[in-house]
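Listed below, chain by chain, are the residues.
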Amino acid sequence: MCKVGTSKSKLGNAACDGLEGAFDMLFEHNPIPMWIFDVHTLHFVAVNAAACTLYGCDREQFLTKCVLDLHPVDQRESVRRKILNAEAPPDCGVLVKACGQQIKILRFSRRTLFQGKACAIVWNIDVTEREQAAIELRGTQIFLDAIVESIPSMVFVKDARDGRFVLLNKAGEELLGISRHDLIGKTDFDLFDVEDAQRFRQADQAVVASGNLVTIDNEPLTTPSGLRALRTQKVGVPDIDGKPRYLLGISEDVTEKRRAEERSRHLALHDVLTDLPNRFKFQNILDRETEGPADFVLVLLDLDRFKAVNDSLGHHAGDELLRQVSARMLCHMGPDDVLARLGGDEFGVIHRSPVSRETASGLARHLIAALSEPFDIDGDIVSIGCSAGLALKSQHGRTVDALMKRADLALYAAKATGRGDYAWFEFAMEEKADRQRILRDELYASLQKDELYIEYQPIISTQSGRIVSFEALLRWQHPVRGLISPADFIPVAEASGLIEPIGRWVLRQACQEAARWPADIGLAVNLSPRQFTGFTLAADVIRALEQSRLAPGRLELEITESVMLTDSQDNVRILHQLKQLGVHIALDDFGTGYSSLAYLRCFPFDKLKIDRAFITDMTSSPENLAIVRAVIGLGKSFGAVVTAEGVETEAQLACLREEGCDQAQGYLLGRPMSADAAMERILGMADQGGKRRLG
């Protein structure tokens, strides 16, 4: 380290004695750090207070150092060379403070004579904070540039005075299909159609004038890739005097977003499979139509045999069938009609002007006829059909709920009359539905309160007169209305789904009673077609037999032809399951349906029951007698027992015996009776020498 001789607080002798005092004062009290060093030895010979503060030590310590001590080791050689250069210009350097901290300084130096020595006087300005600020400013500029470039939306700046572009980011280049170098300095009129440019310019001027942030939604812009929709936010940027200077804008391309939103809205209101309006949109349209003055007809349609297609060919075929159905129905819609898929195989139509009962009836007939024609589903030819219910706004209801309810009641009535038909709503339907609703609620309560019971009607052998079995007949004793006919409450139970728990109860109760009878007395129980839906029927029969310990061969299950009309393949499979249990299967009301003979070929029935309608006039009507004779012959040829229902006279019984009918049932032979009365009848027959002839 360099050493110096005498240290002084004052400068000592100066070259000009008259200025010594003034120089001393300017040097010592100057706020700029200053020092003087010997250019040959590089030792400090004088420092002011500001220099001591800058370096971080007192004057005594400072004057023990040389110039090189204040600089980083790797820079000392370059500092030495600059000192030797008498004409060195002002420059920046690095100063190492006493604490080891490095700072940036701006140096000004001049050669001078001091105390008779060749010296240099140096002024040092700390520019560390200024340098840092400059660095931060440059970094901030780079950072902001990077942000603007990375924003996925178009960012642009225009001169507020003449509308010329002064900035455009990369996303803007891609959207507009133009380089920023070709855009800067140009106006909208240089880039876009006059109409678009005028619109943009007017919007810019309005934004600048307002002084507020303005958002423009769904702004159209023609680009090389086509028409795009933008969401633009613009704001004016004032100068230092508060006057409009620039216009800053950010434009987001929302074209795809808008399309996705439109698609979502469309899907929310349309059926995915057929692209028809869905139930929600249909309801909205109905709301508007019912509030308006115009009349219209609401048509509800339900496809027939659709489930059979789904089950046999699969859901893919069912979907394709629904698409073809909707396309075929659309061909018959009027220009103002609305067709919707309400769900499953249900469709709705709003038939509008010109509208009348005649035009609506014609539309229903056309739709039923069109859907009755076969469909080609991937090479499979399938036939379905439909039923329709109609309600007229001006006559049947001016609210959506009323019209939907009444058209649905009409549809239910159409389906009840047979497939492929339509029906207009009648107020009697609503009255009947209200009665059935009340009856349904009361029927449910009756099941809980044990108001249901079973009576048993005997079936005899026509040759021996012996009781061969009893048919279980369900009865309902209402606490207020009294005895309610099965013809009234059984359809209600079937429509409401109560027939399944009621059917299970009848099976269980009747089997328990029959188990008390002699082993040669059988039990016949009727099954509803609704009990064939699902997979529990066979399990219900097994459970009833196991709990009662009734032999399966003593149980006979009676079904009607309607079981074979719906889901015939599945129902035949269930019938085979039941027969494998060892129970007998009887076809009730034989001859009243449309395809009785066909059913004998698809399933080996154990018994055929001739409907009472043929028995009533059998002795006086040759036609009825011929039918009875034919059924008896069919039964024998198929190995089935034949039972005649509704036998009320001795002449009828004698005729049946003569024709070879196996069994008979009717009021002549015994009315339905309680379980106890049935047991007494059985025991009474046993007391008469084992004969069970009814006298």
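Look above for the structure.
As the structure is a computational prediction, the values presented were derived from the model and not from experiment. (Residues numbered from 1 in each chain as written. Predicted model: local features only at pLDDT ≥ 70, side-chain atom pairs only at ≥ 80, totals over all residues. Heavy atoms only, no water.)

## Focus: the packing of aromatic side chains
Here is step 1 of the chain: In this structure the tally under the stated criterion is 11 aromatic pairs.
Here is step 2 of the chain: Ring centres of tryptophan 476 and phenylalanine 489 lie 5.6 Å apart, and the angle between their planes is 90 degrees; on these two criteria the pair is classed as edge-to-face. Residue tryptophan 476 is found in strand E19 (residues 467-478), and its partner phenylalanine 489 is found in helix H18 (residues 486-496); the two are separated by 13 residues along the sequence. The same class applies to tryptophan 476 and to phenylalanine 489, which are both buried.
Here is step 3 of the chain: Positioned above the aromatic ring of tyrosine 246, the side-chain terminus of arginine 245 is 4.6 Å from the ring centre.
Here is step 4 of the chain: Taking NZ or CZ as reference, arginine 671 lies 3.9 Å from the ring centre of tyrosine 667, over its face. (Phe/Tyr/Trp six-rings, centres within 6.5 Å; stacked < 30°, edge-to-face > 60°. Helix = DSSP H or I, 4+ residues; strand = E, 2+ residues; numbered from the N terminus. Buried < 20%, exposed > 50% of the residue type's maximum accessible area, 1.4 Å probe, protein only. Lys NZ or Arg CZ within 6 Å of the ring centre and 35° of its normal.)

## Concerning the side chain of serine 446
Here is step 1 of the chain: Looking at the element boundaries, serine 446 is found in helix H17 (residues 427-449).
Here is step 2 of the chain: When near neighbours in sequence (up to four residues on either side) are disregarded, serine 446 contacts Glu451, Leu452 and Trp476. (Contact = heavy atoms within 4.5 Å.)

## Regarding the pattern of salt bridges
Here is step 1 of the chain: Evaluated as defined, the whole model comprises 36 salt bridges.
Here is step 2 of the chain: The salt bridge involving aspartate 302 is made with lysine 415; its shortest N-O contact spans 2.8 Å. Residue aspartate 302 is found in strand E11 (residues 297-304), and its partner lysine 415 is found in helix H16 (residues 400-417); the two are separated by 113 residues along the sequence.
Here is step 3 of the chain: On the accessibility criterion, lysine 415 (35% relative accessible area) is partly exposed.
Here is step 4 of the chain: Linking glutamate 430 and lysine 405 is a salt bridge whose minimum nitrogen-to-oxygen distance equals 3.3 Å. With glutamate 430 in helix H17 and lysine 405 in helix H16, this residue pair connects regions lying 25 residues apart in the sequence.
Here is step 5 of the chain: Among the ionic contacts, a cluster of salt bridges with common partners joins Lys158, Asp188, Asp204 and Lys234. (Salt bridge = Lys/Arg side-chain N within 4 Å of Asp/Glu carboxyl O.)

## As for the sheet that holds strand E3 (residues 91-96)
Here is step 1 of the chain: Pairing in this open sheet of 5 strands is antiparallel, and the strands run E2-E1-E5-E4-E3 from one edge to the other. With one partner strand each, in any of the chains shown, strand E2 (44-47) and E3 form the two edges of the open sheet. Mean inter-strand twist for the sheet, computed between neighbouring axes without regard to direction, equals 35 degrees.
Here is step 2 of the chain: Bridging between strand E1 (residues 34-38) and E2 involves 3 bridges; their strand directions are antiparallel. Residue pairing in the sheet places isoleucine 36 in a bridge with alanine 46 of E2. (Pairing = 2+ DSSP bridges. Axes fitted to C-alpha atoms, helices over the stretch in contact; angles between N-to-C directions.)

## Structural notes on unusual backbone geometry
Here is step 1 of the chain: One non-glycine residue with positive phi stands out, namely leucine 42, at about 65 degrees.
Here is step 2 of the chain: Topologically, leucine 42 is positioned in the loop between E1 and E2.
Here is step 3 of the chain: Residue glutamine 115 is not a glycine yet carries a positive backbone phi of 55 degrees.
Here is step 4 of the chain: Looking at the secondary structure, you find glutamine 115 in the loop between strand E4 (102-114) and strand E5 (117-126).
Here is step 5 of the chain: Under the relative-accessibility criterion, glutamine 115 is labelled partly exposed at 34%.

## Structural notes on the nonpolar core
Here is step 1 of the chain: Of all hydrophobic cores here, the largest spans 75 residues; its most connected members are Tyr456, Leu523, Leu555, Leu557 and Leu578.
Here is step 2 of the chain: Among the elements that take part in this core, helix H19 (residues 499-514) stands out by supplying 8 residues, more than any other.
Here is step 3 of the chain: Leu301, Leu303, Val349 and Cys386 belong to the second-largest nonpolar core, a separate cluster that totals 31 residues. (Core = buried A, V, L, I, M, F, W, Y, C linked by side-chain atoms within 4.5 Å.)

## What about the pairing of E5?
Along a regular strand, successive side chains alternate from one face of the sheet to the other.
Here is step 1 of the chain: Where E1 meets E5, 5 bridges bridge the pair, whose relative direction is antiparallel. By the bridge assignment, phenylalanine 37 is partnered in E5 with alanine 120.
Here is step 2 of the chain: The pairing of E4 with E5 spans 10 bridges and is antiparallel. Paired with phenylalanine 108 across the strands is tryptophan 123, a residue of E5.
Here is step 3 of the chain: In textbook terms, the turn of a hairpin is the stretch between consecutive antiparallel strands, and for E4 and E5 this stretch comprises 2 residues, one of which, glutamine 115, has a positive phi near 55 degrees.

## Regarding the environment of arginine 437
Here is step 1 of the chain: Position of arginine 437 among the secondary structure elements: in helix H17.
Here is step 2 of the chain: With 391 residues separating them in the primary sequence, arginine 437 and alanine 46 have C-alpha atoms 115 Å apart.

## What about the sheet that holds strand E17 (residues 422-424)?
Here is step 1 of the chain: Here we have 5 strands laid out as an open sheet, ordered E12-E13-E11-E16-E17, and mixed in their pairing. Whereas interior strands pair on both sides, the edge strands pair on one side only; in this sheet they are strand E12 (338-343) and E17. Here the average twist between neighbouring strands, direction ignored, is 20 degrees.
Here is step 2 of the chain: With 5 bridges connecting them, E12 and strand E13 (residues 346-351) associate as antiparallel partners. Bridging from a neighbouring strand, leucine 339 pairs with valine 349 of E13.

The analysis is restricted to geometry; functional conclusions fall outside its scope.
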